[in-house]
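So you can see what is in the structure, the chains are spelled out below.
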Amino acid sequence: MSEINVLTETIETVDVLHVDDEPSLTDLTATFLEQEDDQFSVETATNADEGLEKIDDHRPECIISDYNMPGMNGIEFLQAVREEYADLPFILFTGKGSEAVASDAISAGVTDYLQKGSGTERYELLANRIQNAVQARREAQRVDRQQQLARLTEFAGDTGGWELDRESGTVLLTAGTRRIIGRPDQAEISLEEAITLFHPDDREDIQQTLTRAFETGEELHNTWRLQPGDGDERLIEMTITPVVESGGRVPKLRGAGHDITARTERRQELERYETIIESLTDAVYVLDDEGRFTYVSDELVELVGYDRETILGNAPSLIKDEDAVERAEHQLGRLLSSDGPETVSFEVTLQPRERDPIICEDHIGVLPYEGDQFEGSVGTLRDVTPAKQREQQLERQNDLFKKSQAIADVGAWSYDVRTDEAFFTEKTYEIHGLSPEDELSPEKSLSFYHPDDRPVIRDAFDRAVETGESYDLELRLIDEADNRRWVRTRGDPEIEDGSVVSVRGTLQDITERKQQERELEDRTEKLETLTTELEAQYRYLFEEAPVMAVVTRAEDGRPIVEDCNDLFVETLSYEKSDVIGAQLERFYTTESQRKLLEEGGYERALSGEFVRENRELVTADGETVETLLRAVPREGARGESPGTLAFYIDISERKRVKRQRDRLEEFTSIVSHDLRSPLTVADGHIEFAQQECDSDHLARAADAIDRSQALIDDLLTLAREGKAVTGTEPVGLADVAQRSWETVDTDQATLETDATHVIKADKSRLQQLLENFYRNAVEHGGDEVTVHVGDLNGGFYVADTGAGIPESKRDEIFEAGYSTAEHGTGFGLRIVEQIVEAHGWEIRVTDSETDGARFEITGVKATH
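Once a new chain begins, its residue numbering starts again from 1 and follows that chain's sequence as written. At least 70 in pLDDT is required for a residue's local features to be given in this predicted model, at least 80 for side-chain atom pairs to be given and counted, and no such filter applies to totals for whole chains, interfaces and linings, which use all residues. Hydrogens are left out, water is left out, and the side-chain values use all remaining heavy atoms of the structure.

**Student:** Is there a simple way to explain the sheet that holds strand S28 (residues 750-753) in this structure?
**Tutor:** The strands that make up a sheet pair up through hydrogen bonds in the backbone, lying either parallel or antiparallel. The strand order S28-S30-S31-S33-S32 describes an open sheet built from five strands, whose pairing is mixed. Either end of the sheet is taken by a strand with one partner, and the two such strands are S28 and strand S32 (842-847). When strand polarity is set aside, the average angle formed by the axes of neighbouring strands in this sheet is 15 degrees. As judged from the four bridges shared by S28 and strand S30 (residues 786-792), these two strands associate in the parallel manner. Looking across to S30, one finds that Thr753 is bridged to Val789. Running over the sheet, helix H26 (residues 763-781) touches S28, S30, strand S31 (795-800), S32 and strand S33 (853-858) and is turned about 20 degrees from S31. Strands pair, by our definition, only if DSSP identifies at least two bridges between them. Helix and strand assignments come from DSSP, with helices taken as H or I runs of at least 4 residues and strands as E runs of at least 2, each series counted from the N terminus. Under this scheme, a helix contributes an axis fitted over its contacting stretch, all axes are lines through C-alpha atoms, and angles between N-to-C directions fall in the 0 to 180 degree range. Throughout, a residue-residue contact means that at least one pair of heavy atoms, one from each residue, lies within 4.5 Å.

**Student:** Before we go on, may I ask you to explain the nonpolar core in this structure?
**Tutor:** The biggest cluster of nonpolar side chains holds 37 residues, and the ones touching the most others in it are Leu766, Leu770 and Phe796. Those elements that place two or more of their residues in this core are helix H25 (733-742), strand S29 (758-761), H26, S30, S31, helix H27 (828-839) and S33. By residue number, the principal contributor to this core is H26, which donates seven residues. Contacts of Leu766, omitting those with residues within four sequence positions, involve Val731, Leu733, Val736, Ile759, Ala761, Phe796 and Trp841. Only buried residues count toward a nonpolar core. Its members are Ala, Val, Leu, Ile, Met, Phe, Trp, Tyr and Cys residues joined through side-chain atoms within 4.5 Å. Note on classification: 1.4 Å probe, protein chains only; a residue is buried when its accessible area is under 20% of the maximum for its type, exposed when over 50%, partly exposed between these limits.

**Student:** Mind showing me how you'd approach H26 here?
**Tutor:** Any helix carries an expected span of 1.5 Å times its number of residues minus one. The first and last C-alpha atoms of H26 sit 26 Å apart over 19 residues, in line with the 27 Å expected at 1.5 Å per residue. Downstream of H26 by one or two residues, Gly782 has phi in the positive range, about 95 degrees.

**Student:** In this structure, what is going on with the confidence of the model for the chain? I would like to understand it.
**Tutor:** Any residue range with low pLDDT should be treated as having predicted coordinates unsuitable for detailed reading. Here the chain averages 82 in pLDDT, while 83% of its residues score no lower than 70. Contacts for the low-pLDDT stretch residues 1-11, under 50 throughout, to residues beyond four places or in other chains number 21 contacts. Scored below 50 in pLDDT, residues 717-723 makes 32 contacts in the model with residues more than four places away or belonging to other chains. The predictor attaches a confidence to each residue, called pLDDT, with possible values from 0 through 100.

**Student:** How do you make sense of the packing of H25 against H26 when you look at a structure like this?
**Tutor:** To characterise two packed helices, one gives the angle between the axes of the helices and the distance between these axes. Running from N to C, H25 and H26 cross one another at 55 degrees; their axes reach a closest spacing of 9 Å. Taken together, the axes of H25 and H26 lie oblique to each other. The hand of the H25/H26 crossing is right-handed. Seen from H25, the contacting residues are Leu733, Val736, Ala737, Arg739, Ser740 and Trp741; seen from H26, they are Lys763, Leu766, Gln767, Leu770, Glu771 and Tyr774. Relative orientations are named as follows: roughly parallel for angles under 35 degrees, roughly antiparallel for angles over 145 degrees, roughly perpendicular for angles from 65 to 115 degrees, and oblique for any other angle. Whether a crossing is left-handed or right-handed is set by the direction in which the near helix is turned from the far one by less than a right angle, anticlockwise for left-handed and clockwise for right-handed.

**Student:** Honestly, the packing of aromatic side chains in this entry has me stumped. Any pointers?
**Tutor:** How two aromatic rings sit relative to each other is set out by the distance from centre to centre and by the angle between their planes. Only Phe, Tyr and Trp rings take part, Trp by its six-membered ring, and two of them pair if their centres are within 6.5 Å. Stacked means planes under 30 degrees apart, edge-to-face means over 60, and tilted covers everything else. Scanning the entire structure with this criterion turns up 15 aromatic pairs. With a centroid separation of 6.5 Å and an interplanar angle of 80 degrees, the aromatic rings of Phe198 and Trp224 are classed as edge-to-face. Of this pair, Phe198 sits in the loop between helix H8 (191-196) and helix H9 (200-216) while Trp224 is found in strand S9 (residues 220-226), placing the two residues 26 residues apart along the sequence. Of the aromatic side chains, those joined through ring pairs into one cluster are Phe568, Tyr574, Phe587, Tyr588 and Tyr648. Our definition puts a charge over a ring when NZ of Lys or CZ of Arg is within 6 Å of the ring centre and also within 35 degrees of the ring normal. The ring of Phe610 is capped by Arg612, whose NZ or CZ atom sits 4.5 Å from the centre of that ring.

If you want it as structure tokens, here you go:
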């Protein structure tokens with residue numbers, strides 16, 4: 001058992017064929033063998049013919065056969081096997097034992113002979129015989145294959161063997177060695193002659209190496225130069241193996257030499273190629289005949305972001321988009337055609353791993369091959385993405401430059417100091433009134449300038465050339481057609497190694513801008529004059545107001561006096577310097593302070609409410625002055641806080657109150673018509689001017705107008721009057737009547753109109769006039785009043801179905817403040833009268849057909 005186990009450790013699966021006419025015996029034998037060692041695989045047959053068929057279908061590694069079988073006996077079966085398989089192990093396992101049978105079996109080439117018997121020992125012995133036979137055959141086959149491989153290696157690999165006998169000094173040569181040294185018929189050679197076949201500089205080293213191998217018994221390796229006499233020097237890689245006898249004696253050396261000349265030259269050539277490839281900045285790749293990567297340089301690995309193992313064996317579609325792959329295949333087809341180029345170049349787009357696409361120049365060629373056997377292709381990839389981006393950027397810049405020239409009327413020029421050559425763009429020629437075909441030089445360009453400006457531009461240009469000083473001038477230029485223009489000319493020198501090599505500049509037509517600047521200066525001067533007059537007029541009105549007037553600004557929710565008129569300080573017996581900048585509450589009684597701050601009087605005024613309340617002021621002497629407060633919000637000028645405009649009417653004397661009220665109404669009327677219109681005009685001109693030019697004068701004028709407008713708007717809110725008529729235009733009366741009706745809260749009232757006139761009027765003021773008529777009708781005639789607007793000869797009328805106006809009151813209704821309505825302001829018909837007068841019309845009051853009020857406006861100019 002131990003012997004079998006040792007063998008099975010070194011043997012692989014064994015296929016066994018057992019032929020016996022007793023199936024029970026073959027089954028028993030198979031069972032035992034497979035149980036004994038699981039490496040056995042047993043197949044059975046009941047006669048020799050069946051056995052031969054199974055051998056043809058699947059050749060076993062060992063045959064077990066009985067002797068006595070019907071038909072062909074065991075010896076005859078052995079002979080039939082040996083005709084086809086001379087070395088196939090065959091064990092005669094028979095119950096009949098005789099010297100004659102054994103002799104016949106040996107003569108027929110039996111591997112082993114064993115008689116059947118009872119007991120497991122006989123099957124253990126059979127298993128051992130099978131293992132020995134199979135192992136011996138395998139060893140023999142292995143030796144034979146090694147010998148064949150050695151002969152093949154010698155022939156195909158330029159390898160030869162030799163054996164050196166120490167005593168005789170002769171070297172036995174194999175066929176491979178004889179072929180390498182050029183002596184195919186010389187089987188032996190002396191050691192001295194063998195050493196002379198090598199390069200003189202290597203002979204001593206060869207002798208020392210052989211001596212060392214004999215003395216030490218160690219295997220040695222070295223490479224020497226062989227000079228066999230045919231004129232070629234060959235590089236031989238030698239392995240020397242001592243034959244060591246018992247006791248350590250080395251009688252022989254055996255060696256193998258391999259001609260590595262071609263391999264070395266090829267390696268050196270490859271090293272040169274690799275050095276060249278590694279020195280390239282381009283990425284290099286090689287594809288096989290199936291279009292898969294077999295080589296990629298480090299540059300390509302870095303370029304695409306994949307590791308080398310991922311790229312190798314993969315197709316270019318790993319790193320190229322579909323279009324790039326198709327383009328490369330098309331170009332490869334051109335290379336393989338009979339009349340195609342040797343190499344091709346084209347642009348492709350790579351898709352690197354986790355990076356943006358890269359534009360590359362792909363340069364490919366075909367690997368050398370013979371006949372029709374295409375071996376593959378080689379290529380280089382050069383990243384041209386930055387160059388393409390620069391090219392695109394340059395195109396965009398050139399396009400932008402051309403468009404900028406056209407839009408800004410800017411031409412460009414350059415002058416080369418070294419060559420005295422000049423270049424001018426088309427726009428530069430155009431500004432001079434020339435065409436590109438005309439002659440233009442720096443000297444001729446100077447002649448186009450106004451005589452008084454020529455010394456200026458000449459000196460500036462000369463300084464730029466001589467000292468490198470840039471210039472930027474605005475000068476007069478007279479073009480070829482004798483048109484005078486203003487131009488802005490710039491010159492910027494380019495300096496290399498401390499010297500000016502060129503001057504580059506621009507030429508821009510600024511004639512229109514200069515004209516606008518002159519117009520703007522005129523407008524600014526007029527606006528400053530107007531602003532000064534308005535400020536003086538505002539100050540006069542503010543100071544001469546018949547009521548105490550105070551302007552405040554809000555700081556932390558509390559009113560601070562920003563300005564006040566003389567009547568306020570005189571009434572309270574203060575100096576103006578004591579009032580300006582003080583908190584307004586300082587001049588209030590305790591109760592009035594509570595209304596101002598705690599009850600939110602000031603906050604209501606700031607939020608837009610028209611505050612009408614009683615206030616008690618305190619003089620410097622501690623006396624109380626009862627007043628009627630009228631306060632409106634005001635927007636602060638630019639950069640200032642909002643605040644209020646407040647009027648205090650002294651109601652200590654009722655008669656004085658009536659007089660002051662009259663003066664107040666007249667005062668606000670003046671503000672409405674004398675200030676608002678010119679301020680609006682001034683503000684409009686400033687806005688128009690600021691669109692054309694940014695000027696400190698305009699900013700200061702705008703600030704002054706904003707301050708004046710803010711204060712005057714507050715007065716107009718209090719007086720509820722509008723601006724004066726500044727111009728007329730043809731206006732459809734019916735259209736304005738309907739539009740005015742839509743802007744007024746008329747509740748259930750009704751508008752009727754059969755007007756057809758088109759009159760000349762200020763459209764907005766006419767709309768304001770009708771709006772006041774409508775409000776007046778609703779206020780006095782009720783929510784269901786009907787208003788009719790119709791034509792008159794030389795004018796129009798507005799009538800309502802209200803209560804009418806008594807004849808005795810018809811002169812009073814146009815007075816400011818007159819109103820019979822509970823919530824009326826008394827300014828509506830006053831505004832109507834002012835609008836009528838502003839147009840140069842006349843107005844009268846009469847009864848309507850329904851006994852309501854009828855207002856007739858005449859003196860109106862109609863267009864049809």
